Amino acid sequence: MSGIDGIIYLILIACLLPYVFTIIAKVSGGFKLADNQNPRDFLAKSTGLSARANAVQQNSFESLPLFIAAVLMAEYMVVSQHLIMMLGIAYIVLRIIYGICYLANISALRSIIWFLSMACPIILLLLIIRIV
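- Going by what an unreviewed UniProt entry lists, the protein is known as MAPEG family protein and is assigned to Acinetobacter bereziniae LMG 1003 = CIP 70.12.
- Under the UniProt heading Subcellular location (unreviewed entry), the note attached to the protein is "Membrane".

Pasting the structure below:
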């Protein structure tokens, strides 16, 4: 697998991850096919685990542009493939842990993990600034 293949997989996994939490939100909230007429309304009215999974899904989509931009810019600016992959994998793993903490309602640890996950693309961008 060449370096760009790894980058593509990182982006693909990061893009699909929010949908995992969307499915959890819908399944845990008792979503039925009839609710598909207005799924956003269904999720907005959800509570408990379903509401927390929906919040993870929303936050995952919110952090996605920063991650994708940082990874693509790092690749373009020829940042070390090893470093891009290491920070990219760390971002994905931390986002999964963040989701688990959110689902389990462990707010303090969730906030720390959120910070660490956001640090990954920010570090990539800071490395790019150093190169330029």
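From this point on, the discussion continues.
## Topic: the overall build of the protein
- Summing up its helical and strand segments, the protein has five helices and zero strands in all.
- Based on the C-alpha atoms only, the size of the protein along its principal axes is roughly 50 × 30 × 25 Å.
- For the protein, buried positions account for 38% of its 132 residues.
- In the protein, 74% of the contacts between residues at least 6 apart in sequence involve partners at least 24 apart.
- Each charge class in the protein can be summarised by its mean position, and for the 8 positive and 5 negative side chains these summaries are 10 Å apart.

## Things to note about the environment of Leu94
- Among the structural elements, Leu94 can be located in helix α4 (residues 81-103).
- Taking C-alpha positions, Leu94 is 5.3 Å from Ser117, a pair spaced 23 residues apart along the chain.
- The contacts of Leu94, once residues within four sequence positions are left out, are Ile113, Leu116, Ser117 and Cys120.

## Things to note about the confidence of the model for the protein
- Chain-level pLDDT for the protein is 93 on average; 95% of the residues reach the 70-or-more range.
- For the protein, the element scoring lowest by mean pLDDT is helix α2 (residues 39-44), at 86; α4 scores highest, at 97.

## Side note on empty space enclosed by the protein
- Per the stated rule, a full pass over the model turns up one cavity of 30 Å³ or more.
- What the largest cavity holds in volume is close to 40 Å³.
- Within the residue set of the lining of the largest cavity, elements represented by two or more residues are α1 (3-28), α3 (48-76) and α4.
- The class makeup of the residues in the lining of the largest cavity is five nonpolar, two polar and one charged.

## Some words on the packing of aromatic side chains
- Summed over the entire model, instances satisfying the criterion amount to four aromatic pairs.
- Ring plane angle 75 degrees and centroid distance 5.0 Å describe the contact between Phe31 and Phe42, whose orientation is recorded as edge-to-face. One end of the pair, Phe31, is in the loop between α1 and α2; the other, Phe42, is in helix α2, and eleven residues separate them in sequence.
- Their ring planes at 10 degrees and their centres at 4.1 Å tell us that Phe67 and Tyr91 sit as a pair that is stacked. Placement of the pair is Phe67 in helix α3 and Tyr91 in helix α4, with a sequence separation of 24 residues. Each member of the pair Phe67 and Tyr91 is classed as buried.

## With respect to the nonpolar core
- Ranked by size, the top nonpolar core spans 31 residues in total, and within it Val71, Val79, Ile84 and Leu124 carry the most contacts.
- Of all the elements in the fold, those that place two or more residues in this core are α1, α2, α3, α4 and α5 (107-131).
- Residues in contact with Ile84, not counting those within four places in the same chain, are Ile7, Leu10, Val71, Ala74, Glu75, Val79 and Leu124.

## As for the layout of surface pockets
- Estimated volume of the largest pocket: approximately 200 Å³.
- Lining the largest pocket are Thr22, Lys26, Pro39, Arg40, Leu43, Ala44, Asn54, Gln57 and Gln58.
- Considering each element in turn, the lining of the largest pocket owes the most residues, four residues, to α2.
- In the lining of the largest pocket, the residues fall into three nonpolar, four polar and two charged.

Reading the values: the criteria
Residues numbered from 1 in each chain as written. Predicted model: local features only at pLDDT ≥ 70, side-chain atom pairs only at ≥ 80, totals over all residues. Heavy atoms only, no water. UniProt positions renumbered as here; feature names shortened; annotations may be inferred. Helix = DSSP H or I, 4+ residues; strand = E, 2+ residues; numbered from the N terminus. Buried < 20%, exposed > 50% of the residue type's maximum accessible area, 1.4 Å probe, protein only. Contact = heavy atoms within 4.5 Å. Lys, Arg positive; Asp, Glu negative; His and termini not counted. Charge placed at Lys NZ, Arg CZ, Asp CG, Glu CD. pLDDT = per-residue confidence, 0-100. 1 Å grid on protein atoms, 1.4 Å probe; cavity = no way out; pocket = protein on both sides within 12 Å on 5 of 7 lines; lining within 4 Å. Points joined across faces, edges and corners; volume = space filled by probe spheres on them. Nonpolar A, V, L, I, M, F, W, Y, C, P; charged D, E, K, R; others polar. Phe/Tyr/Trp six-rings, centres within 6.5 Å; stacked < 30°, edge-to-face > 60°. Core = buried A, V, L, I, M, F, W, Y, C linked by side-chain atoms within 4.5 Å.

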